[in-house]
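# Per-entry structural report
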Amino acid sequence: QKEILVREIHHRVKNNLHLVMSLLNLHARRIRDPRAEEAFAEARSRINALATLHRRLYESESLQEIDLHWFLEDLCAELRRGGLSRGRHVDLIVESPSEVIGPELAVPLGLLVTEAITNAYKHAFVDRTHGTIHVQLERESPVTLLIRIRDNGAGFDLDSIVGAEANGLGRSLIEAFVRQLHGELQIKADDGTVVEVRFPAPVHPKRELKRSA
C-alpha cells in the first residue's frame, strides 16, 4: 500500500507540473517581448526537468532508482521540443551508459544539465543557424561520475568574463546545483564551451554484482 501511495504521489506531482507548464504556455502566447518569451521558455524547461524526473520515478520498479541513460534521453528530448533553439538547427546528442542513481542526485543533476543546455542555446550560436550540443556521462571511478555538456559554438575568452556575465542567473544556478551534488565544476573553452562536473556517485549495488558475476 505504501508503494502504491508513493507511486501515485510521483504521478500526481508530474501531472501538476505539466499543468503549471500548460499555464505558462497560455501566458507565453500573449507575450510580444522576445526577452520575456525567452524567460518563459527557460522556466518551462526547469519545470519540465522536474516533471521528467517524477515520471521516471513513477515508472521505475523501486521508486528510488533513476537510470541516467533514459533520464538524460528523456530530458534532452523535451528540451529539443521546448522552443529554446529559436529557429536554429541545433543537434542535441546524448552519450550515456546505464548508471543508476537516487532521486537526491537526479534532481540537482537534471536541473544542472537543463541549465547548461539552456545557456548553450542562448549564447553559443548567436549569428549561427546550425550547431551541436553533446551531453556526455562517464564513470571515472567506482565512486565518481563525470557529466560533460559541450557545444561547438562561439566559445568565450576566459579573461573577458567579468561583471554580470560572470554572475548571471544561469551560472549561479549551475554553481548551486554543483554544490548540491557535492561536485567540482570546470568551465573551459575548447572549440566551443565545455561544462564539466565531477560528483560522487558510487556504483549501484546491483550493477556491481552484475560486473563481478
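Criteria and cut-off values
Residues numbered from 1 in each chain as written. Predicted model: local features only at pLDDT ≥ 70, side-chain atom pairs only at ≥ 80, totals over all residues. Heavy atoms only, no water. Helix = DSSP H or I, 4+ residues; strand = E, 2+ residues; numbered from the N terminus. Buried < 20%, exposed > 50% of the residue type's maximum accessible area, 1.4 Å probe, protein only. Contact = heavy atoms within 4.5 Å. pLDDT = per-residue confidence, 0-100. Salt bridge = Lys/Arg side-chain N within 4 Å of Asp/Glu carboxyl O. Core = buried A, V, L, I, M, F, W, Y, C linked by side-chain atoms within 4.5 Å. Pairing = 2+ DSSP bridges. Axes fitted to C-alpha atoms, helices over the stretch in contact; angles between N-to-C directions. Left-handed = near helix turned anticlockwise from the far one by under 90°. Nonpolar A, V, L, I, M, F, W, Y, C, P; charged D, E, K, R; others polar.

Moving on to the side chain of Thr 144. Its place among the elements puts Thr 144 in strand E5 (residues 144-151). The exposure class assigned to Thr 144 is buried, which follows from its relative accessible area of 18%. In this view, Thr 144 contacts Arg 139, Arg 198, Phe 199 and Ala 201; residues no more than four positions away in its chain are not counted.

A word on the confidence of the model for the protein chain. When pLDDT is averaged along the protein chain, the result is 79, and 79% of the positions lie at 70 or above. Segment residues 157-166 is flagged for pLDDT under 50; beyond a separation of four residues in sequence, or across chains, it makes five contacts in the model.

Our next topic: the pattern of salt bridges. Enumeration over the complete set of coordinates arrives at eight salt bridges. Linking Glu 99 and Arg 139 is a salt bridge whose minimum nitrogen-to-oxygen distance equals 3.1 Å. Highlighted residues: Glu 99 in the loop between strand E2 (89-95) and strand E3 (100-101) and Arg 139 in strand E4 (residues 130-141), separated in sequence by 40 residues. Like Arg 139, Glu 99 is buried.

All right, on to unusual backbone geometry then. The phi dihedral of His 182 falls on the positive side, at around 55°, and the residue is not glycine. Relative to the assigned elements, His 182 resides in the loop between helix H6 (169-180) and strand E6 (184-189). Judged by relative accessible area, which is 64%, His 182 ranks as exposed. Backbone geometry places Asp 191, a non-glycine residue, at a positive phi of 55°. Along the chain, Asp 191 falls in the loop between E6 and strand E7 (193-200). Classification of Asp 191 by relative accessible area gives exposed; the value is 71%.

This part is about the nonpolar core. If you look at the biggest cluster of nonpolar residues, it comprises 39 residues, and the most contacted ones within it are Ile 117 and Ile 147. Per-element tally for this core: the top contributor is helix H4 (residues 103-123), with ten residues.

Here we come to the environment of Pro 200. Inspection of the secondary structure assignment puts Pro 200 in strand E7. Given a relative accessible area of 39%, Pro 200 falls into the partly exposed group. Counting along the chain gives 17 residues from Pro 200 to Gly 183, while the straight-line C-alpha distance between them is 6.8 Å. If near-sequence neighbours (up to four positions away) are discounted, Pro 200 is found in contact with Leu 105, Val 143, Leu 181 and His 182.

Our next topic: the pairing of E6. Relative to E7, E6 is paired through six bridges, and the arrangement is antiparallel. By the bridge assignment, Gln 186 is partnered in E7 with Glu 196. The antiparallel pairing of E6 with E7 creates a hairpin that spans three residues between the two strands, and Asp 191 there sits at a positive phi of about 55°.

The subject of this paragraph is the sheet that holds E2. If you walk across this open sheet you meet the five strands as E2-E4-E5-E7-E6, and the pairing is mixed. At either end of the open sheet lies a strand with only one pairing partner, and these are E2 and E6. With direction set aside, neighbouring strand axes in the sheet form an average angle of 15°. Seen against the sheet, helix H3 (residues 68-80) touches E2, E4 and E5 and runs at an angle of roughly 170° to E2. Lying on the sheet, H4 is in contact with E2, E4, E5 and E7; it crosses E5 at an angle near 20°.

With that settled, consider the packing of H3 against H4. Relative orientation of the contacting elements H3 and H4 amounts to 35°, with a least axis distance of 11 Å. Crossing geometry of H3 relative to H4 is assigned as right-handed. Residues Leu 68, Phe 71, Leu 72, Leu 75, Cys 76, Leu 79 and Arg 80 of H3 form the contact with H4, whose own contacting residues are Ala 106, Leu 109, Gly 110, Val 113, Thr 114, Ile 117 and Tyr 121. Of the residues assigned to the contact of H3 with H4, the class counts are eleven nonpolar, two polar and one charged.

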